[in-house]
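# Report on the structure
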Amino acid sequence: MKWVTREHPKTDRIACPWLIRKFIDPDAEIVYVPPDQVLEYAEREGATSFDAPGAKYTHRGNRWSFETLVDEYKINDPAIAVLAKVVHGADVSADRDATSESAGLLAIANGFALLDLDDQRQLELELPVYDALYAWAQHQASAD
């Protein structure tokens, strides 16, 4: 299935594809388009939209797109709950101190954005960061 979001990804637009492929749709094709084309592309291609204004899965209240996907797909994994806090803090400037790891994840996301990569290459290179964060989160969740 195709999933579509805004181009030039940062935290949530990398974290969400990682979550989608790991827990929702392992064969997901992630497509990045200009912000004003997300909904049109989704309708035309039968894609699922995320992390864009008016998207099927986007910010809802105080919950960001990653958290919305966790809620909607009932991903009941203690490590994902830990990871969601880190992602939220990295993506929401008002909640930057949500976890001590959030500022580091933001720095990594901003660094990747500065590498002048195309969106698909950036996604490919950043996915292992989320694999590592998930492994760390599993360790944290099991220690509780």
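Attention here is on the structure that accompanies the text. Values in this document were obtained by computation on a predicted structure and should not be read as measured data.

## Some thoughts on the sheet that holds strand 1 (residues 2-6)
- Here three strands make up an open sheet; going across it, the order is 2-1-3 and the pairing parallel. Bordering the open sheet on either side are strand 2 (29-33) and strand 3 (48-49), each of which pairs with just one other strand.
- Bridge count for strand 1 against strand 2 is five bridges, and the pairing is parallel. Residue pairing for strand 2: Thr5 is matched across the bridge by Tyr32.

## Considering unusual backbone geometry
- Backbone geometry places Asp51, a non-glycine residue, at a positive phi of 45°.
- Locating Asp51 in the fold gives a position in the loop between strand 3 and helix 3 (65-72).
- You can call Asp51 buried: its relative accessible area is 3%.
- Phi is positive for Asp116, which is not a glycine, with a value near 60°.
- Along the chain, Asp116 turns up in the loop between helix 5 (102-114) and helix 6 (119-143).

## Some remarks on the packing of helix 5 against helix 6
- The interhelical angle for the contact between helix 5 and helix 6, taken along N-to-C directions, is 165°, at an axis separation of 11 Å. Relative to helix 6, helix 5 is oriented roughly antiparallel. Crossing handedness for the pair helix 5 and helix 6: right-handed. Two secondary-structure elements touch here, helix 5 through Leu105, Ile108, Ala109, Phe112 and Ala113 and helix 6 through Gln122, Leu125, Glu126, Val129, Tyr130 and Leu133.
- In terms of residue class, the contact of helix 5 with helix 6 is made up of nine nonpolar, one polar and one charged.

So, how was this worked out
- For every chain, the first residue of the written sequence is number 1, and numbering continues from 1 along that sequence.
- Only residues with pLDDT of at least 70 are given local features in this predicted model, and only at 80 or more are side-chain atom pairs given and counted; all residues enter the totals for whole chains, interfaces and linings.
- The side-chain figures draw on all heavy atoms in the structure; neither hydrogens nor water molecules are used.
- Should DSSP find at least two bridges between two strands, the strands are taken to pair.
- Segments assigned H or I by DSSP are reported as helices when at least four residues long, segments assigned E as strands when at least two residues long, and all are numbered from the N terminus.
- Throughout this description, buried means an accessible area under 20% of the type-specific maximum (1.4 Å probe, protein chains only), exposed means over 50%, and partly exposed covers the range between.
- Between N-to-C directions, angles cover 0 to 180 degrees, with each direction set by a line fitted to C-alpha atoms, over the stretch in contact for helices.
- Our angle categories are set so that under 35 degrees counts as roughly parallel, over 145 as roughly antiparallel, 65 to 115 as roughly perpendicular, and the remainder as oblique.
- Handedness of a crossing is defined here by the sense of rotation of the near helix relative to the far one, left-handed for an anticlockwise turn of less than a right angle and right-handed for a clockwise turn.
- Here, residues are in contact when the closest pair of their heavy atoms is within 4.5 Å.
- Nonpolar residues are Ala, Val, Leu, Ile, Met, Phe, Trp, Tyr, Cys and Pro. Charged residues are Asp, Glu, Lys and Arg, and all others, Gly as well, are polar.

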